[in-house]
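# Summary of the model geometry
So the chains spell out like this:
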Amino acid sequence: MSKPPSPGFSPEIVVLYCRQTLDAEAKPPEGTRQGDGFSARLVLLPCSSKIEAYQMLAILDKGADGVQLVACPEKACRFLVGNNRAERRVAHARGLLSQAGMAEARLELNRAAELTPEDLMNLAGRHAGRIKDLGPNPMKGGTN
Amino acid sequence: MIVAEWKPLPELLAGLKGYKNLLLVGCATCVAECAAGGEREVNTLAPTLHMALKNQGQDINIITRTLERACEPEFVEELAEIAPQVDAIMSLSCGIGMQLIAERFLDKPLLPGVNTTSLAIREAPGLWTARCRACGDCVLGETFGLCPVARCAKSLMNGPCGGTRKNGRCEVDENTDCIWYLIVERAKARGELESLNQVRQPKTWSNSAHGGPKRIVREDLRS
Ligand code: SF4
Ligand code: SF4
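So, a few notes on the structure that sits alongside this text. Just so it is clear, the model here is predicted, and its values are computed rather than measured. (Residues numbered from 1 in each chain as written. Chains lettered and ligands numbered in written order. Predicted model: local features only at pLDDT ≥ 70, side-chain atom pairs only at ≥ 80, totals over all residues. Heavy atoms only, no water.)

We now examine the overall build of chain B. In terms of helices and strands, chain B carries seven helices and seven strands. Since a compact globule built from 223 residues should have a radius of gyration of about 17 Å, the 22 Å found for chain B marks it as more spread out than a globular shape. When its C-alpha atoms are laid out on the principal axes, chain B stretches across 65 × 50 × 25 Å. By the burial criterion, 39% of the 223 residues in chain B qualify as buried. Taking as baseline every contact in chain B between residues at least 6 positions apart, the subset at least 24 positions apart corresponds to 59%. (Helix = DSSP H or I, 4+ residues; strand = E, 2+ residues; numbered from the N terminus. Rg over C-alpha atoms; globule rule 2.2 N^0.38 Å. Buried < 20%, exposed > 50% of the residue type's maximum accessible area, 1.4 Å probe, protein only. Contact = heavy atoms within 4.5 Å.)

Next up, the structure:
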């Protein structure tokens, strides 16, 4: 749930992005990168539908401050319906987060195309900006 | 398949009060097919419960397992090693599997994670609809292969009730076909509408839930 901003809080964002959202020339970035006031762990997916609701929930349960799934624009999925599936899974996971007393805004889906690695970091930065208002994930330092 | 669905989260959370180590068990057969208790659902419920309880100030360690078939003792036995490490077991298998687990681990509280609701088919992705209620006296031969017990809201044996909507849907639920409407349509298509004029006598329910707990004995198979 929403908390007062924590001074010095640098959100850890996990960015799960579909390979097809990148510019064809771009080398897919992977691993953790430092942004301005946040860090982003970039995870390459062959399609946004390759991620399941439980995996997004598990990432938040393990303490990431935010999860961002980056999918292709509507009707631009190479697997035809992959990005729609991803959208429904995000909605399902957000519903469960909310029932678990977690801010569902910690998980979001963005649609984008022809991204450079910098654009991806900018998207993560915007998500991090919203997460800053929520404060750190209350799951940090948990058992599971 | 046997169909189940998650109990509401507040009910699950209330049942977990005070526990520190939970074994969350799924079943890879029917409840996996109906997306209630397979490995995927176990892996979805575990972080959901963990986060919800932690937000309520309760730290719980959740161990997950998914059995091939929770209604077979051989598979339930796979929990023997892990069970002593937990204070309770929550099962996402149907009521049958749950009882086998409870019977095998008598010293552990068994918490049902799902409500077992019906015998159903997956009609479309994300949609399961009832087909049978295990009534013990199958009448499909008289009703053109459509079950009035499970699929008529009133389980009428001599339908329809008079409430069928103009579009052939049931008066009780606009999203559900009136099964008697479909039975009549099938009878017509076969040219056997007359057969429905024959009044079906009161049904024998004693071969199912109304006859006491069911026992089937096959001497040739007993050891
Ligand atoms: S008539 Fe009875 S046994 Fe036959 S399908 Fe319906 S409920 Fe099942
Ligand atoms: S409308 Fe049809 S299915 Fe619904 S209760 Fe009446 S007979 Fe049964």
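This paragraph deals with the site of ligand 1. In the vicinity of ligand 1, the residues found are Arg131(B), Cys132(B), Arg133(B), Ala134(B), Cys135(B), Cys138(B), Val139(B), Leu140(B), Cys147(B) and Val149(B). For the shell around ligand 1, the residue count by class is eight nonpolar, no polar and two charged. (Near = heavy atom within 4 Å. Nonpolar A, V, L, I, M, F, W, Y, C, P; charged D, E, K, R; others polar.)

Attention now goes to the sheet that holds strand 2 (residues 31–34) of chain A. All names here are of chain A. Read from one edge to the other, the open sheet built from five strands follows the order 2-3-1-4-5, with strand pairing classed as mixed. Whereas interior strands pair on both sides, the edge strands pair on one side only; in this sheet they are strand 2 and strand 5 (107–111). The sheet shows a mean angle of 25° between the axes of neighbouring strands, direction not considered. As judged from the seven bridges shared by strand 1 (residues 12–18) and strand 3 (residues 39–45), these two strands associate in the parallel manner. Residue pairing for strand 3: Ile-13 is matched across the bridge by Ala-40. Running at roughly 150° to strand 4 (residues 66–71), helix 1 (residues 53–61) makes contact with strand 1, strand 4 and strand 5 of the sheet. (Pairing = 2+ DSSP bridges. Axes fitted to C-alpha atoms, helices over the stretch in contact; angles between N-to-C directions.)

What follows concerns helix 3 (residues 39–55) of chain B. Residue and element names in this part refer to chain B. Between the first and last C-alpha of helix 3 there are 25 Å, a value that for 17 residues agrees with the 24 Å anticipated at 1.5 Å per step. Taken across its 17 residues, helix 3 has 13 buried, putting it largely inside the fold. Two residues or fewer past helix 3, Gly-57 is found with a positive phi of approximately 90°. (Expected span 1.5 Å × (residues − 1).)

All names here are of chain A. Positionally, Pro-138 belongs in the segment after helix 3 (117–134). Note on Pro-138: relative accessible area 25%, which makes it partly exposed. Sequence spacing of Pro-138 and Leu-60 is 78 residues, and the spatial spacing of their C-alpha atoms is 9.5 Å.

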